[in-house]
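# Close look at the chain arrangement
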Amino acid sequence: MAGQMGQAGRLRLTAAGHYLIFGFLYLIGMTAGIVLLASGTPFLSDFLRAAVKACFFGVLERSLQDIFLLLLLPVFGFQLLLYLGGMWAASPPFTLGLFALRGFAVGLLAAYLFTGYGRSGILCYLLLFFPFQFLGACVSFLGGKESLRLSKLLLCSLTEGVGEGRLQTVFRRYSMRMVCIAGLAGLLSLLQTLAVYLLAQLFL
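The written sequence of each chain sets the order in which its residues are numbered from 1. Thresholds applied to this predicted model are a pLDDT of at least 70 for local features of residues and 80 or more for the giving and counting of side-chain atom pairs; totals over whole chains, interfaces and linings are not thresholded and use all residues. Calculated side-chain values reflect all of the structure's heavy atoms, with hydrogen atoms and water omitted.

## Details of the packing of aromatic side chains
Stacked, tilted and edge-to-face are the three classes applied to pairs of Phe, Tyr and Trp rings, where Trp contributes its six-membered ring and a pair requires centres within 6.5 Å; stacked means planes under 30 degrees apart, edge-to-face means over 60, and tilted covers the rest. Summed over the entire model, instances satisfying the criterion amount to nine aromatic pairs. Members of the aromatic cluster, each reached through a chain of ring pairs, are Phe 22, Tyr 26, Phe 78, Phe 99 and Phe 141. The criterion is that NZ of a Lys, or CZ of an Arg, lies within 6 Å of the ring centre and within 35 degrees of the ring normal, and then a charge sits over that ring. Over the ring of Phe 78 we find Arg 102; its NZ or CZ atom is 4.8 Å from the centre of that ring.

## Concerning helix H3 (residues 64–86)
Going along the chain from the N terminus, every DSSP run of H or I of four or more residues is numbered as a helix, and every run of E of two or more is numbered as a strand. In this scheme, a helix's expected span is set at 1.5 Å multiplied by one less than its residue total. With 23 residues, H3 should reach 33 Å at 1.5 Å per residue; the first-to-last C-alpha distance of 33 Å fits that figure. Here H3 has its buried residues at Ile 67, Leu 71, Val 75, Phe 78, Gln 79, Leu 82, Gly 85 and Gly 86. Burial classes follow relative accessibility: with a 1.4 Å probe on protein chains only, a residue under 20% of its type's maximum area counts as buried, one over 50% as exposed, and anything between as partly exposed.

## Describing the packing of H3 against helix H4 (residues 92–159)
Between two packed helices, the angle of one axis relative to the other and the distance separating the axes together describe the packing. Relative to each other, H3 and H4 sit at 20°, their axes nearing to 7 Å. As judged from the angle between their axes, H3 and H4 are roughly parallel. Crossing geometry of H3 relative to H4 is assigned as right-handed. Along the contact surface, H3 presents Phe 78, Gln 79, Leu 81, Leu 82, Gly 85 and Gly 86, while H4 presents Phe 94, Thr 95, Leu 98, Phe 99, Arg 102, Ser 140, Gly 143, Gly 144, Ser 147, Leu 150, Ser 151 and Leu 154. Note on method: axes are straight lines fitted to C-alpha atoms, helices fitted across the in-contact stretch only, with angles between N-to-C directions ranging 0 to 180 degrees. By the definition adopted for this analysis, an angle is roughly parallel if under 35 degrees, roughly antiparallel if over 145, roughly perpendicular if from 65 to 115, and oblique otherwise. Take the far helix as your reference; a near helix turned counterclockwise from it by less than a right angle gives a left-handed crossing, and one turned clockwise gives a right-handed crossing. The criterion used for residue contact is that any of the two residues' heavy atoms lie within 4.5 Å.

## A look at the pattern of salt bridges
Salt bridges are identified by distance alone: a Lys or Arg side-chain nitrogen within 4 Å of an Asp or Glu carboxyl oxygen. The full count for this structure, using the stated rule, is one salt bridge. As a salt-bridge pair, Arg 177 and Glu 146 come within 3.4 Å of each other at their nearest N and O atoms. Taken as a pair, Arg 177 in helix H5 (residues 164–199) and Glu 146 in helix H4 lie far apart in primary sequence, 31 residues in all. Owing to a relative accessible area of 45%, Arg 177 belongs among the partly exposed residues under this scheme.

By themselves these figures say nothing about function.
The following block contains the structure:
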């Protein structure tokens, strides 16, 4: 009993460690995005502003379906990359880099709203983007943890040997968990779509 409790404690600490690392990299990327867009470098700032405007605000005047696809496709792509990364024993650097890149995109969006729309942009970000980005990051942390755990197991299987039957079971459970995580991320995208479609015009 004591051994099982000790093992469970180590697992919880391991999970917490994953989340802290993901969050740290996410914040680094977000800070980099804000600094780069607000740096005042003419060419870089103009290029990033144009990219953010095209990606995030190009469909605000279109249909609800267009906005949903705009918000869903990056989320789906991110989850797919996490899923595929878990099937590669050497993927941890790639997986960690994904979180920094996602934070970078979030930082660009925040800086664009803050510098381009002032007080209304800040209010728009806090009400329409920040809650969903925060919850989306938490969901993606779950996927990142699963991805890194499978990568570690595959790496161990190369050195210690793991039965084929066990690997098949692990892959099946991994796929089911990642589908559930992707479903949660898709639900958040749907809720954000409704919020942006109904309320964004009040701020921008």
